[in-house]
Amino acid sequence: MNTIDRALSFLKDGKLVAIPTETVYGLGADAKNPLAVQKIYEVKGRPPTNPLIIHIPNIDAMSHFATDIPEDAWKLAKAFWPGPLTLILNRHESVPLATTGGQDTVALRVPNHPVTLELLKRFKGGIAAPSANRYGRISPTTTEHVMEELGSKVDYILEGGPCQIGIESTIVYLVAGNAIILRQGRISPSELNIVLGKEVMLKNELSIQVPGSSLAHYAPLKPLYLLAIPSLKDIITQLDHQKRPYDVLSFSAPFTASDYMNSWIRASQDPIHYAQQLYSHLRALDKTESECILVEMPPLTEPWFAVNDRLQRAAHSLE
Ligand code: TXA
Ligand code: MG
């Protein structure tokens, strides 16, 4: 039996399979099997009201999981699937409420990864999969990360190499005539606007409540401080003086050679490359002997929106 055959038989048995995608690894189960889906929540320690994304093999499968699909959804699906875009639509009655966290809406995406696309094609169903990390922690971008997060709690891990995008998909809410970005990702607001021929709204411009979008997320265990260069310099001077070890992720070359600077990762200036490596860097820095992680704040321009969103959620405030 090859690895896809094995993953397939576990899924059909209602078991959990970690699946590779181009964004991050997912913790997958048969989307239409409520008992299998319930195990995802247990293993992740995720609140049952926090809905899951259903991964489907192609655009045509959309109508098996959603109803009243608006024209905007077809346009975006045709433009970006397979790819890092999740659409929120009205739930088809065949999708268990356990999978949607009790919502009457459903999140759908066709992932762009050859291994998982082959698995989906042969499974002939949907795979519900949140990121394969414990609740609130950093999403995994390699199978080693999945092992670290979930170990033997997952029945099978399907190898697909390191994730090419490295941060989670862009989520767009398309219910009741809306087009609202609920989560930033590689696909930017401008790219969505071009395809839709209108301006999408950003969730932070509105005061809507979205299940499962709690602010503290994607977080290392030790404090992470997100700082512009002048504050970064100040804090480093202070930590050196107090003899407290720290790690740094910065665009600059090291400006200290102190014994308390545990490691200094020089970050890529390219937002796509930065995103690819972000979670691996945070995991590595979280494991060192230091007390905290200092991250230089990226620019606040559109190519950096998704990276800034993840860093802000991972960060502690200095106050
Ligand atoms: O790139 C990704 O999207 C990855 C890979 C594995 O596909 N998945 C992922 O899943 O990031 P997860 O569960 O970590 O994040 C999914 C988010 C939830 O936190 C929730 O906010 C949102 O999707 N979501 C899902 N269904 C929703 C719904 N019906 N209404 C509003 N938001 C929903
Ligand atoms: Mg997640």
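This text follows the structure it describes.
Source: prediction; values computed, not measured.

Calculation criteria
Residues numbered from 1 in each chain as written. Chains lettered and ligands numbered in written order. Predicted model: local features only at pLDDT ≥ 70, side-chain atom pairs only at ≥ 80, totals over all residues. Heavy atoms only, no water. Core = buried A, V, L, I, M, F, W, Y, C linked by side-chain atoms within 4.5 Å. Buried < 20%, exposed > 50% of the residue type's maximum accessible area, 1.4 Å probe, protein only. Helix = DSSP H or I, 4+ residues; strand = E, 2+ residues; numbered from the N terminus. Contact = heavy atoms within 4.5 Å. Axes fitted to C-alpha atoms, helices over the stretch in contact; angles between N-to-C directions. Parallel < 35°, antiparallel > 145°, perpendicular 65-115°, else oblique. Left-handed = near helix turned anticlockwise from the far one by under 90°. Near = heavy atom within 4 Å. Polar contact = N/O pair within 3.5 Å; in protein donor to acceptor, adjacent residues only side chain to side chain. Areas by Shrake-Rupley, 256 points an atom, 1.4 Å probe, with all protein chains shown as cover. Pairing = 2+ DSSP bridges. Expected span 1.5 Å × (residues − 1). Arc of directions from axis to C-beta. 1 Å grid on protein atoms, 1.4 Å probe; cavity = no way out; pocket = protein on both sides within 12 Å on 5 of 7 lines; lining within 4 Å. Points joined across faces, edges and corners; volume = space filled by probe spheres on them.

## Examining the nonpolar core
Now for step 1: Ranked by internal contacts, the top residues of the largest apolar core, which has 46 residues, are L87 and L108.
Now for step 2: Taken together, the elements giving at least two residues each to this core come down to strand 2 (26-30), helix 2 (34-44), helix 3 (62-65), helix 4 (71-80), strand 5 (85-91), strand 6 (105-109), helix 6 (143-150) and helix 7 (189-196).
Now for step 3: At five residues, the largest contribution of residues to this core is made by helix 2.
Now for step 4: Non-local contacts of L87, meaning those with residues more than four positions away in its chain, are made with M62, A73, L76, A77, W81, V106, A107, L108, V172 and L174.

## Quick look at the packing of helix 1 (residues 3-12) against helix 5 (residues 114-123)
Now for step 1: The geometry of helix 1 relative to helix 5 is characterised by a closest axis approach of 10 Å and an angle of 50 degrees between their N-to-C directions. With respect to helix 5, the element helix 1 is oriented oblique. You can see that helix 1 and helix 5 cross each other, and the crossing is right-handed. Contacts between helix 1 and helix 5 involve I4, D5, A7, L8, L11 and K12 from the former and V115, E118, L119, R122 and F123 from the latter.

## Regarding the site of ligand 1
Now for step 1: By nearness alone, 25 residues border ligand 1, and T23, H55, T105, S169 and R183 come closest of all.
Now for step 2: Note that a nitrogen atom of ligand 1 is positioned 2.9 Å from one of the side-chain N or O atoms of T105.
Now for step 3: The protein chains hide 95% of the 670 Å² of surface that ligand 1 would expose on its own.
Now for step 4: For the shell around ligand 1, the secondary structure elements donating two or more residues are strand 3 (53-55), strand 6 and strand 10 (180-183).
Now for step 5: Per-element tally for the shell around ligand 1: the top contributor is strand 6, with four residues.

## Side note on the pairing of strand 13 (residues 246-250)
Now for step 1: By the criterion of burial, strand 13 is predominantly enclosed, with five of the five residues buried.
Now for step 2: On strand 13, burial covers both faces: Y246, V248 and S250 on one face and D247 and L249 on the other are all buried.
Now for step 3: Sheet topology note: the strand 13/strand 14 (residues 261-266) ladder contains five bridges and is parallel. Opposite Y246, over in strand 14, you have M261 as the bridge partner.
Now for step 4: Taken together, the four bridges between strand 13 and strand 15 (residues 292-296) define a ladder with parallel strand orientation. Its bridge partner being in strand 15, V248 is matched across the sheet by L294.

## A short note on helix 8 (residues 229-242)
Now for step 1: Spanning 14 residues, helix 8 covers 20 Å between terminal C-alpha atoms, matching the ideal 20 Å at 1.5 Å per step.
Now for step 2: Within the sequence span of helix 8, burial applies to L232, I235, I236, L239 and D240. Along the long axis of helix 8, the arc covered by the buried residues comes to 135 degrees, so they all point the same way. Facing away from the buried side of helix 8, by more than 90 degrees, are the exposed residues P230, D234, T237 and H241.
Now for step 3: Those residues of helix 8 that are buried are in contact with strand 12 (224-227), strand 13, strand 14 and strand 15.
Now for step 4: One or two positions beyond helix 8, positive phi appears at K243, with a value near 55 degrees.

## Let's talk about empty space enclosed by the protein
Now for step 1: With the rule as written, the count across this model stands at one cavity of 30 Å³ or more.
Now for step 2: One number sums up the size of the largest cavity: a volume of about 40 Å³.
Now for step 3: Lining of the largest cavity is provided by L249, A267, S268, Y274, Q277, L278 and H281.
Now for step 4: Here the lining of the largest cavity takes four residues from helix 9 (residues 271-286), the largest share from any one element.

## A closer look at the sheet that holds strand 14
Now for step 1: Strand order across the open sheet formed by four strands is 12-15-13-14, with parallel pairing between neighbours. Strands with a single pairing partner mark the edges of an open sheet, and in this sheet they are strand 12 and strand 14. Between one strand and the next, the sheet's axes are offset by a mean angle of 15 degrees, whatever the strand orientation.
Now for step 2: Contacts from helix 8 reach strand 12, strand 13, strand 14 and strand 15 within the one sheet, and its direction differs from that of strand 15 by about 155 degrees.

The quantities given are spatial measurements derived from coordinates; they are silent on function.
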